[in-house]
Structure formats: C-alpha cells, structure tokens
Amino acid sequence: MSISSYKSVTSPEALRNTIGNDHYSLRWFSFLIARREVRASWAGDDAVENRYRTLSSLLWARALLVVTAGTALAVAAATRSPWGILAAGLCGAGALLTRKPFKSCVRDIGMRTVLREIGDKTLREKTLYQISEHLSRAYSIPSLVDHIYRWDYGARIVVISAGIIAACLIAVILKIDRAPFFPVFLGIVTAAYIVFHAINTISLLKTLLAPLPHKI
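Residues numbered from 1 in each chain as written. Predicted model: local features only at pLDDT ≥ 70, side-chain atom pairs only at ≥ 80, totals over all residues. Heavy atoms only, no water.

A. Focus on the pattern of salt bridges. Enumeration over the complete set of coordinates arrives at 6 salt bridges. One salt bridge in this structure joins aspartate 108 and arginine 112, with 3.1 Å as the shortest N-O distance. Of this pair, aspartate 108 and arginine 112 both sit in helix H6 (residues 99-117), separated by 4 residues, roughly a single helical turn. A relative accessible area of 31% means that arginine 112 is categorised as partly exposed. (Salt bridge = Lys/Arg side-chain N within 4 Å of Asp/Glu carboxyl O. Helix = DSSP H or I, 4+ residues; strand = E, 2+ residues; numbered from the N terminus. Buried < 20%, exposed > 50% of the residue type's maximum accessible area, 1.4 Å probe, protein only.)

Pasting the structure below:
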C-alpha cells in the first residue's frame, strides 16, 4: 500500500472564512478585486459583474453615510443639538449594516479569482501568505505581508498624531468653552474614527471606479 505524501495546508472553505473574519485579509482582498486588471479579467461574466455592481453600490452607500455622520456630528458639536448626535448615530448604524453584504461580495469575487488563478489542488498546498504572494505578482500589488506592515505602520502614525492633536484640542476646548471632559474626548475620538473610515472607503471606491484598461 502506498501512502500519499500530499498534505492539505488550506482549503477553499478555510480561505473563505479567513477573508470574512480576518480584518487584514478582508482589506487586502477588497483592494485586490477592486484592481482594474482583476475587474477586466471578469468582463463578460454576468454573475461576477453583478457582484461588482453590488459592491460599488455598497461602497457608495457607506461613503454617503459616513460623510453624513461626520457632518451631523460637526453640527451637533457647533449647536449642541441632540438631533445631530442622533442623526450621526443612525448614519453610523446604517454604515455598519453594509459590512455583512460587503464581506459577502469580497469573499465571492476573491474566491473566484483565487480558484481561477491558482486552482483547487494548488490552493490546498499553499498557505494564505503564499497565495497572496502569487496574486500580488500576478497583479502587481503589495502582498498580504507587505500590506500588514504598511497598515500597522500607518495606523501607528495616525494614532500618535491623533493623540497629540486630541490632547491639544481638548486643552483648548476645555479652557475656552469649559465643556465636560468626557463628551469632548468622546467626540474627538469619534470624529477621528469617522475620518479614518471615510478615507479607507473613498480610497477603495476610487480604485473600484478606475477605468478598465483598453483592449489591444
């Protein structure tokens, strides 16, 4: 009896779950499938093109809700109106509701792309990072490892900068307006969170809406 040396490292089911549950993987695959080269490769496939349309609609809705939430929060801070806070909260909740269908679109298109480029058998012989390296070379994007490093580095800069700015703003606001510390602190943290997500959403939407390369 011969014993097969084949050992499954991952599986389509495991990879699909990772894309949906791991923040870094979801973000990397979302930018992968948004690349115009990947979108162009699916031209003519009605099922995938429908998923892309859904993804675009979700990103437009999220961008609108996030911007509206930021505007409502700014109005609430200027007028001290509870209605502005309520509107910001409702918009934030609406933006969160787009997350589940967003994950579904990214998982679906991402898995289709992986299986087409690598194949089921080869996929099972590779780790997530090896899969990302393969796709990054195929579509000229940073690998998942590079993405995690850049994301962590950028996040540290944002957190440190936001902390310094928040400390200065809180000191000025408390001195001039004599407002309670906790609401001011919470408002600044919320504003930073909104700006952070607005930048990410708009960046992804911009990539997704880039014109497809011309066929030669």
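B. Summary view of the packing of helix H4 (residues 46-79) against helix H5 (residues 82-97). At a minimum axis separation of 8 Å, H4 and H5 run at an interaxial angle of 160 degrees. Here H5 runs roughly antiparallel to H4, going by the angle between their axes. Considering the relative orientation of H4 and H5, their crossing is left-handed. On H5, the residues touching Arg62, Leu65, Val66, Thr68, Ala69, Ala72, Leu73 and Ala76 of H4 are Gly84, Ile85, Ala87, Ala88, Cys91, Gly92, Gly94 and Ala95. Considering only residue class, the contact of H4 with H5 consists of 11 nonpolar, 4 polar and 1 charged. (Axes fitted to C-alpha atoms, helices over the stretch in contact; angles between N-to-C directions. Parallel < 35°, antiparallel > 145°, perpendicular 65-115°, else oblique. Left-handed = near helix turned anticlockwise from the far one by under 90°. Contact = heavy atoms within 4.5 Å. Nonpolar A, V, L, I, M, F, W, Y, C, P; charged D, E, K, R; others polar.)

C. A look at the side chain of serine 56. Tracing the backbone shows serine 56 in helix H4. Aside from chain neighbours lying at most four places away, what touches serine 56 is Leu205, Leu208 and Leu209.

D. The arrangement of a nonpolar patch on the surface in detail. A grouping of Trp83, Leu86 and Leu90 is seen on the molecular surface, where their side chains present a nonpolar patch of about 390 Å² in accessible area. Tracing the sequence through the fold places leucine 90 in helix H5. (Patch = residues over 30% accessible without salt bridge, like charges linked within 9 Å, V, L, I, M, F, W, Y side chains within 5 Å. Areas by Shrake-Rupley, 256 points an atom, 1.4 Å probe, with all protein chains shown as cover.)

E. Inspection of helix H2 (residues 23-34) at higher detail. Here H2 contains 12 residues, and its C-alpha end-to-end distance of 17 Å stays within 8% of the 16 Å for a straight helix at 1.5 Å per residue. With 10 of its 12 residues buried, H2 lies for the most part within the structure. If you check which residues of H2 are buried, you get Ser25, Leu26, Arg27, Trp28, Phe29, Ser30, Phe31, Leu32, Ile33 and Ala34. (Expected span 1.5 Å × (residues − 1).)

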